[in-house]
Amino acid sequence: MWILDSILGNGGAARAVVAGCAQLGCAEIHVVGRSEQNLAEFQQSWVNCLMPMQNLQVHTWDNLSMLISQADLLVNTTPVGMYPQGEKSPVADAAIDRISAGAIVYDLIYTPNPTQFLKDAQLRGARAIDGLEMLVQQGAAALKIWLDRESVPVDVMRLALQKHLGLS
C-alpha cells in the first residue's frame, strides 16, 4: 500500500486519480495546485460526495519539494510537458532531486514518450510509468459501452496506438 500519494494538478484528471487512490487504500493523498481558491474548492467538493476523503490534503505548489521527498507515488495530471512542449516538466530539478529512489512516478501524458518529467524522475532512481495504458483502457471502456460488449480487443488497440504514436 502507498503511504503517501502526491498528485500534481487539481482538475478532472486529478479527481479520477484521487478516487482511484482512495479505492486502493492510500493512507494519505496530497493534491498540489497553483491556486489556493481552486484547491479549496477541490477539497470541498469531496465533502458531501459518495466517497468522502478524510485523508485528502491540498497544498500550493511551494510545498511540492517537501511532499516529493515523502511521496511513494507522484502523479502528474497537468498538461505540462505534453506535445508540443515536450521539453518542459511540471517539477523543477531542485524539487525532483528530492524524490525517493524507488518511488513510483506516473505521468498521465502519453506523448512525448517518455516525458521530461519521467526522464528526470528515472534518472533519480524512481520507477516511471507513462499514460499510454490509461489511454488504452479509457478507449476500451468507452468501446464496450458504445458497442454494448463485454470485451473488446485491448491488445489490438494498444498495438495500434503504439504504432500511431511511433512507439513500436
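Per chain, residue numbering runs from 1 following the sequence as it is written. Side-chain atom pairs in this predicted model are given and counted only at pLDDT of 80 or more, local residue features only at pLDDT of at least 70, and totals for whole chains, interfaces and linings cover all residues. As a rule here, side-chain values come from all non-hydrogen atoms in the structure, and water together with hydrogens is ignored.

Draft legend 1. Expanded view of the nonpolar core. For the purposes of this section, nonpolar cores are sets of buried Ala, Val, Leu, Ile, Met, Phe, Trp, Tyr and Cys residues that join through side-chain atoms within 4.5 Å. Relative accessibility decides the category of a residue: with a 1.4 Å probe and only protein chains considered, values under 20% of the type maximum give buried, values over 50% give exposed, and everything between is partly exposed. Membership of the largest hydrophobic core comes to 18 residues, with the highest contact counts inside it found for I7, V18, I29, V31, F42, W46 and L56. Not counting chain neighbours up to four residues away, the residues in contact with L56 comprise V18, I29, V31, F42, Q43 and W46. Membership of the second largest hydrophobic core comes to 17 residues, among which are I68, L74, I96 and A103. Note on contacts: a residue pair is in contact if any heavy atoms of the two residues lie within 4.5 Å.

Draft legend 2. Up close: the packing of aromatic side chains. Each pair of aromatic rings taken from Phe, Tyr and Trp, with Trp reduced to its six-membered ring, is defined by centres within 6.5 Å and is described as stacked if the planes are under 30 degrees apart, edge-to-face if over 60, and tilted in the remaining cases. Under the criterion given, the structure shown has one aromatic pair. Distance and angle both matter: a charge sits over a ring if NZ of Lys or CZ of Arg is within 6 Å of the ring centre and within 35 degrees of the ring normal. In this structure, R34 is placed above the aromatic ring of W61, and the distance from its NZ or CZ to the ring centre is 4.2 Å.

Draft legend 3. Focus on the UniProt feature "domain: SDH C-terminal" (unreviewed entry) in the chain. UniProt positions are given in the numbering used here, feature names are shortened, and annotations may be inferred rather than shown by experiment. Sites flagged by UniProt as "domain: SDH C-terminal" (unreviewed entry) map to residues 131-161. Comment: elements are numbered from the N terminus, with helices defined as DSSP H or I runs of at least four residues and strands as E runs of at least two. Span residues 131-161 is 77% helix and 0% strand, its end C-alpha atoms 12 Å apart.

Draft legend 4. Representation of the sheet that holds strand β4 (residues 73-76) in the model. In space, the six strands of this open sheet follow the order β3-β2-β1-β4-β5-β6, with parallel pairing throughout. The open sheet has two edge strands, β3 (56-60) and β6 (127-129), and neither has a second partner. Between one strand axis and the next, the sheet turns through 20° on average, direction left out of account. Two strands are said to pair when DSSP picks up at least two bridges between them. By the bridge criterion, four bridges tie strand β1 (residues 4-8) to β4 in an arrangement that is parallel. Residue pairing for β4: L8 is matched across the bridge by N76. Here, axes are lines fitted to C-alpha atoms. For helices the fit covers the stretch in contact, and angles between N-to-C directions go from 0 to 180 degrees. Helix-sheet contacts for helix α5 (residues 116-123) involve β1, β4, β5 (104-107) and β6, and the interaxial angle to β5 is about 170°.

Draft legend 5. Focus on the pairing of β4. The alternating pattern of β4 places L73 and V75 on one face and L74 and N76 on the opposite face, and all of these are buried. The pairing of β4 with β5 spans four bridges and is parallel. By the bridge assignment, N76 is partnered in β5 with D107.

Draft legend 6. Representation of the layout of surface pockets within the structure. In this structure, the largest pocket encloses a volume near 310 Å³. In this structure, the largest pocket is lined by 15 residues; those nearest its centre are A16, V17, Y106, L108 and M134. For the lining of the largest pocket, the secondary structure elements donating two or more residues are α1 (12-24), β4, β5 and α6 (132-147). Of the residues forming the lining of the largest pocket, the biggest block, six residues, is contributed by α1. Points on a 1 Å grid, built from protein atoms alone, make a cavity when a 1.4 Å probe fits but cannot get out and make a pocket when they are open with protein on both sides within 12 Å along at least 5 of 7 lines; residues with an atom within 4 Å of a point are the lining residues. Grid points are joined across faces, edges and corners, and a volume is the space filled by probe spheres set on the points.

Draft legend 7. Fine view of the environment of C21. Within the secondary structure, C21 is located in helix α1. The contacts of C21, once residues within four sequence positions are left out, are D5, C26, I29 and L73.

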